[in-house]
Amino acid sequence: MTVAPTDAPRPRRSDVTRAAILRAARERFASDGYERATIRAIAADARIDPSMVMRYYGSKEGLFAAAAEFDLRLPDLTHVPPGQLGEVLIRHFLARWEGDETLAALLRTASTNPGAAERMRGIFASQLSAAVAGFGTDPATTGRRAGLVASQILGLAFTRYIVQLPPMVEMAPEELVGWVAPTLQRYLTGLPEN
């Protein structure tokens, strides 16, 4: 008698536990911020013993760094008409911010925690700089252009999603695109004044 193979291998218990911890940590960091989130609360949310969190991640900072793994999923700007770069980027970032609380948690935490600030710098420096460089900017200005775009995007995110400044929260995404796209466009393609 032969045994029929199963369709897919069952996930290892440790993988399931790690996923539950990360899910709970992302939610807790987003709702409470880094400083107020506790390992005990995260473990309770994941329905596991706090020692398991420490076993897999070592510390609260280690857990946060793992939970804050974030891909901006930037579009390939090499195929975007040069006059539409600002609009494409602001639409993309609004979609990312509106659909994922992880980046908001990282931004909230980065304002008070040096490790989180470093993580945020790393995400934007590597991913955004590469995207800006990809559409052919002068290498001498790529870092500055990416930094200016990041300042606009992070400022918008901070006022809309963290501080929840009423005029920023009340604006529809299309209205934000109209206001912010020209500024991003200038940062991306405008010539620096000498």
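Below you will find a few notes about this structure. Sequence order sets the numbering: in each chain, residues are counted from 1 along the sequence as written. Owing to the predicted nature of the model, reporting of local features is limited to residues with pLDDT of at least 70; listing and counting of side-chain atom pairs is limited to 80 or more, with chain, interface and lining totals taken over all residues. Water and hydrogen atoms play no part in the side-chain values, which are based on all heavy atoms of the structure.

Concerning a nonpolar patch on the surface
Argument step 1. Only residues whose relative accessible area exceeds 30% and that take part in no salt bridge are eligible for patches, with like-charged residues grouped when within 9 Å of each other and nonpolar side chains (Val, Leu, Ile, Met, Phe, Trp, Tyr) grouped when within 5 Å. In these tables, accessible area is a Shrake-Rupley quantity obtained with a 1.4 Å probe, and a residue counts as shielded only by the protein chains included in the view. Definition used for salt bridges: Asp or Glu carboxyl oxygen within 4 Å of a side-chain nitrogen of Lys or Arg. A cluster of nonpolar side chains, Phe158, Val163 and Leu165, forms an exposed patch at the surface whose accessible area comes to about 240 Å².
Argument step 2. By relative accessible area, which is 34% here, phenylalanine 158 ends up partly exposed. Accessibility here uses a 1.4 Å probe with only protein chains present; expressed as a share of the type maximum, an area under 20% marks a residue as buried, one over 50% as exposed, and anything in between as partly exposed.

A word on the packing of helix H5 (residues 85–99) against helix H10 (residues 173–189)
The relative placement of two packed helices comes down to the angle between their axes together with the axis-to-axis distance.
Argument step 1. All axes are obtained by fitting lines to C-alpha atoms, using only the stretch in contact for helices, and the reported angles, taken between N-to-C directions, cover 0 to 180 degrees. Per the convention used, a helix needs a DSSP run of H or I reaching at least four residues, while a strand needs a run of E reaching at least two, with both numbered from the N terminus. Contact geometry for H5 and H10: axes closest at 7 Å, N-to-C directions at 130°. Classed by the angle they form, the pair H5 and H10 counts as oblique. Pair H5 / H10 crosses with right-handed handedness. Across the interface between the two elements, Leu85, Gly86, Glu87, Leu89, Ile90, Arg91 and Leu94 of H5 pack against Pro173, Glu174, Leu176, Val177, Val180, Ala181, Leu184, Gln185, Leu188 and Thr189 of H10.
Argument step 2. Residue classes follow a fixed rule: Ala, Val, Leu, Ile, Met, Phe, Trp, Tyr, Cys and Pro count as nonpolar, while Asp, Glu, Lys and Arg count as charged, and any other residue, Gly among them, counts as polar. Residue composition of the contact of H5 with H10, by class: eleven nonpolar, three polar and three charged. Should an angle fall under 35 degrees it is called roughly parallel, over 145 degrees roughly antiparallel, and 65 to 115 degrees roughly perpendicular, with every other angle called oblique. Should the near helix be turned anticlockwise from the far one by less than a right angle, the crossing is left-handed, and should it be turned clockwise, the crossing is right-handed. Contacts: residue pairs with any heavy atoms within 4.5 Å of one another.

Considering the pattern of salt bridges
Argument step 1. Applying the stated rule across the entire model yields six salt bridges.
Argument step 2. The partner of arginine 91 in a salt bridge is glutamate 174, and the shortest N-O contact between them spans 2.5 Å. Of this pair, arginine 91 sits in helix H5 while glutamate 174 is found in helix H10, placing the two residues 83 residues apart along the sequence.
Argument step 3. Classification of arginine 91 as partly exposed rests on a relative accessible area of 33%.
Argument step 4. Note that glutamate 118 is salt-bridged to arginine 121, the shortest N-O span being 2.8 Å. In this pair, glutamate 118 and arginine 121 are both assigned in helix H7 (residues 114–134), three residues apart and thus about one turn of the helix distant.
Argument step 5. Take arginine 121: its relative accessible area is 48%, and that puts it in the partly exposed class.
Argument step 6. Each of the salt bridges in this network shares a partner with another, and the network as a whole consists of Arg28, Asp32 and Asp45.

Regarding helix H8 (residues 139–162)
Since the α-helix turns once every 3.6 residues, residues separated by three or four places project in the same direction.
Argument step 1. Between its first and last C-alpha, H8 extends 33 Å over 24 residues, near the 34 Å set by a 1.5 Å rise per residue.
Argument step 2. Those residues of H8 that fall on the buried side of the exposure criterion are Thr141, Thr142, Arg145, Ala146, Val149, Ala150, Ile153, Leu156, Ala157, Arg160, Tyr161 and Ile162. By this rule, a helix spans an expected 1.5 Å times one less than how many residues it contains.

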